[in-house]
Amino acid sequence: MLVSETPTIFELSMSAGLSHGLKPAFEYLLNSLSENTASTTVFNATVWKDELYTTLILLLERYYLSTYEGTFADNFYGLKRERFVNNQQQPMRPQDKASTLFLVALLPYFTDKLVKFHAKITQENASFLQQHDEIENRNSALRLDTFLTLAFAKGFPYARALLDSYLLGFQLLFMFNKTRYYSPLLWMQGIIISRLTADDYRNFSTAEELSHKTSTFLSRMSSKFLRFLRTMLIASALGFKLLEWYYSPENISQRESNNGANAGHNAVPTPLPPRPSPRGVDVPPNPMLCPLCHEVRKNPAVASSGFAFCFSCIQQYVSEHNECPVTCIPCNVKQIRRIYQA
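Nothing here was measured: the structure is a model prediction, and the numbers come from that model. (Residues numbered from 1 in each chain as written. Predicted model: local features only at pLDDT ≥ 70, side-chain atom pairs only at ≥ 80, totals over all residues. Heavy atoms only, no water.)

## Points about the overall build of the protein
Okay, step 1: Looking only at helices and strands, the protein features 13 helices and six strands.
Okay, step 2: Buried positions account for 32% of the 342 residues belonging to the protein.
Okay, step 3: Looking at the protein as shown, the accessible area adds up to about 22,900 Å², and 60% of this sits on carbon and sulfur atoms. (Helix = DSSP H or I, 4+ residues; strand = E, 2+ residues; numbered from the N terminus. Buried < 20%, exposed > 50% of the residue type's maximum accessible area, 1.4 Å probe, protein only. Areas by Shrake-Rupley, 256 points an atom, 1.4 Å probe, with all protein chains shown as cover.)

## Structural notes on the layout of surface pockets
Okay, step 1: In this model, the largest pocket occupies a volume close to 1,600 Å³.
Okay, step 2: If you go around the largest pocket, you meet 41 residues; those closest to its centre are His-20, Leu-103, Leu-107, Pro-108 and Leu-185.
Okay, step 3: Counting only elements with at least two residues in the lining of the largest pocket, the list comes to helix H1 (9-35), helix H2 (49-68), helix H3 (72-76), helix H4 (94-124), helix H7 (144-175) and helix H8 (184-189).
Okay, step 4: Examining the composition of the lining of the largest pocket, we find that 10 residues originate from one element, H4, more than from any other.
Okay, step 5: By residue class, the composition of the lining of the largest pocket is 26 nonpolar, eight polar and seven charged. (1 Å grid on protein atoms, 1.4 Å probe; cavity = no way out; pocket = protein on both sides within 12 Å on 5 of 7 lines; lining within 4 Å. Points joined across faces, edges and corners; volume = space filled by probe spheres on them. Nonpolar A, V, L, I, M, F, W, Y, C, P; charged D, E, K, R; others polar.)

## Some remarks on helix H13 (residues 311-321)
Okay, step 1: Considered for burial, the residues of H13 that qualify are Cys-313, Ile-314, Tyr-317 and Val-318. Looking straight down H13, one finds that the buried residues subtend no more than 115° of arc, so they occupy a single side. In this structure, H13 carries Gln-316 and Glu-320 as exposed residues pointing more than 90 degrees from its buried face.
Okay, step 2: Considering only its buried residues, H13 is in contact with strand S4 (300-302) and strand S5 (308-310).
Okay, step 3: Phi for Asn-322, located one or two positions after H13, is positive at around 55°. (Arc of directions from axis to C-beta. Contact = heavy atoms within 4.5 Å.)

## Some points on the sheet that holds strand S6 (residues 337-338)
Whether parallel or antiparallel, the strands of a sheet pair through hydrogen bonds between backbone atoms.
Okay, step 1: Strand order in the open sheet formed by three strands is S5-S4-S6, with antiparallel pairing between adjacent strands. On the outer flanks of this sheet lie S5 and S6, each paired with one strand and no other.
Okay, step 2: Here two bridges tie S4 to S6, and the two strands are oriented antiparallel to one another. Counterpart to Ala-301 in the pairing with S6 is Arg-338.
Okay, step 3: The sheet strands contacting H13 are S4, S5 and S6, and the helix crosses S5 at an angle near 95°. (Pairing = 2+ DSSP bridges. Axes fitted to C-alpha atoms, helices over the stretch in contact; angles between N-to-C directions.)

## What to know about the pairing of strand S3 (residues 191-195)
Okay, step 1: Of all five residues making up S3, four are buried, and the element is well covered by its neighbours.
Okay, step 2: Taken together, the five bridges between strand S1 (residues 79-85) and S3 define a ladder with antiparallel strand orientation. Residue Lys-80 lies in a different strand from S3, and its bridge partner there is Ser-194.

## Notes on the pattern of salt bridges
Okay, step 1: Using the criterion set out here, one finds 15 salt bridges in the structure.
Okay, step 2: One salt bridge connects Arg-195 with Glu-11, and the closest N-O pair in it is separated by 2.7 Å. Highlighted residues: Arg-195 in strand S3 and Glu-11 in helix H1, separated in sequence by 184 residues.
Okay, step 3: Here Lys-80 and Glu-82 are joined by a salt bridge, their closest N and O atoms 3.3 Å apart. (Salt bridge = Lys/Arg side-chain N within 4 Å of Asp/Glu carboxyl O.)

## What about the pairing of S1?
Okay, step 1: Among the seven residues that make up S1, six are buried, leaving the element largely enclosed by the rest of the structure.
Okay, step 2: With antiparallel pairing between neighbouring strands as the criterion, S1 and strand S2 (residues 88-90) make up a hairpin whose turn holds two residues, including Asn-86 at a positive phi of roughly 55°.

## Here we look at the side chain of Glu-323
Okay, step 1: The residue Glu-323 is located in the loop between H13 and S6 in this model.
Okay, step 2: Polar contacts involving the side chain of Glu-323 include one to the side chain of Arg-279, which spans 3.3 Å. (Polar contact = N/O pair within 3.5 Å; in protein donor to acceptor, adjacent residues only side chain to side chain.)

## Some details on H2
Okay, step 1: The terminal C-alpha atoms of H2 lie 27 Å apart, and with 20 residues this matches the ideal 28 Å at 1.5 Å per residue to within 8%.
Okay, step 2: Three or more residues of H2 are buried, namely Asp-50, Tyr-53, Thr-54, Leu-56, Ile-57, Leu-60, Glu-61, Tyr-63, Tyr-64, Leu-65 and Tyr-68.
Okay, step 3: At the C-terminal side of H2, Glu-69 shows a positive phi close to 60°. (Expected span 1.5 Å × (residues − 1).)

## Structural notes on the nonpolar core
Okay, step 1: Counting 19 residues, the largest nonpolar core has Leu-22, Leu-60, Tyr-64 and Phe-72 as the members making the most contacts within it.
Okay, step 2: Those elements giving two or more residues to this core turn out to be H1, H2, H3 and helix H10 (217-246).
Okay, step 3: Per-element accounting of this core gives the leading share, seven residues, to H2.
Okay, step 4: If you look at the next biggest cluster of nonpolar residues, it comprises 13 residues, including Ala-303, Phe-309, Cys-310 and Cys-331. (Core = buried A, V, L, I, M, F, W, Y, C linked by side-chain atoms within 4.5 Å.)

## Quick word on the packing of aromatic side chains
Okay, step 1: Taken as a whole and assessed by the stated rule, the structure comprises 13 aromatic pairs.
Okay, step 2: Ring geometry for Tyr-68 versus Phe-204: centroids 5.3 Å apart, planes at 90°, classification edge-to-face. With a gap of 136 residues between them, Tyr-68 in helix H2 and Phe-204 in helix H9 (residues 198-214) connect regions that are remote in the sequence. When sorted by exposure, Tyr-68 lands in the same class as Phe-204, which is buried. (Phe/Tyr/Trp six-rings, centres within 6.5 Å; stacked < 30°, edge-to-face > 60°.)

## Section: the sheet that holds S3
Okay, step 1: Strands sit in the order S2-S1-S3 across an open sheet of three strands; the sheet is antiparallel. Edge positions in the sheet fall to S2 and S3, since each has one partner strand and no second. Going from strand to strand, the sheet's axes swing by 50° on average, the running direction of each strand aside.

The values reported here are purely geometric and, on their own, carry no functional implication.
Below you can see the structure in the form of structure tokens.
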């Protein structure tokens with residue numbers, strides 16, 4: 001049975017999801033490495049994480065486009081990119097690969113910077129943006145840069161919504177076989193996404209063997225590094241998704257409910273309070289009173305024994321006696337802890 005060369009929308013959406021999931025995984029890995037590395041490193045990598053990620057993706061995608069006729073995510077799901085001219089499929093030209101490299105590596109970088117810039121100016125001008133009517137009445141009096149900034153802050157969400165709607169329209173048309181283009185950007189390029197065939201895999205294998213025989217040592221090392229980078233990115237993405245699922249609110253609630261069901265078997269008994277010393281002060285019958293001043297506790301704090309007092313009372317007593325006034329257990333000022341009530 002012949003398999004259609006046109007992939008399903010499920011395959012293409014999974015391919016896009018893999019591309020979008022790589023950056024959060026990379027940032028998580030980079031933050032973990034930075035936390036475990038001394039601050040005296042050559043530079044703080046987290047400051048340049050966007051640029052570092054874009055550089056790695058540029059190298060990786062350039063390698064895959066030149067070797068496998070598709071992006072990293074395309075190849076992972078057995079897909080390739082082709083020109084679609086006069087209802088005929090043709091291999092991509094160098095300029096097609098260059099434009100694809102820009103769209104999959106550089107365009108997301110600029111888009112992310114634009115989103116962060118919008119969030120920044122929205123936060124900085126939050127109070128000003130709320131005065132919508134007043135701003136409209138004073139547009140002529142606003143400085144040009146301020147007017148453009150506010151116009152961008154208000155118009156950017158609508159522009160994104162319009163582009164997302166346009167993308168959704170293309171995906172619906174693709175799903176109902178009304179177009180071969182999965183997105184408006186592919187339509188502008190004249191590029192379609194197809195499944196890799198057995199001949200494609202044989203050609204890739206032959207090209208790799210020939211390249212290995214004729215390439216230099218540096219080229220072979222570069223290829224090995226890019227393959228290692230591919231494996232690391234996939235492993236990081238899977239690990240990040242696993243951690244994201246494990247720490248999701250739904251999973252945490254489920255674990256807490258399971259722990260609650262087993263609480264009767266694993267409950268830790270409440271420890272008994274320490275015994276008051278015969279030479280210590282008496283504990284008042286009302287638990288809300290301070291044992292030192294016998295008034296309702298103000299700014300409650302606990303000593304090392306766990307008994308609660310007014311913060312000023314226990315601090316002054318411990319400074320003079322270096323012990324808990326009730327149990328006479330040794331205590332210093334650093335062991336006093338404030339009690340914060342919601």
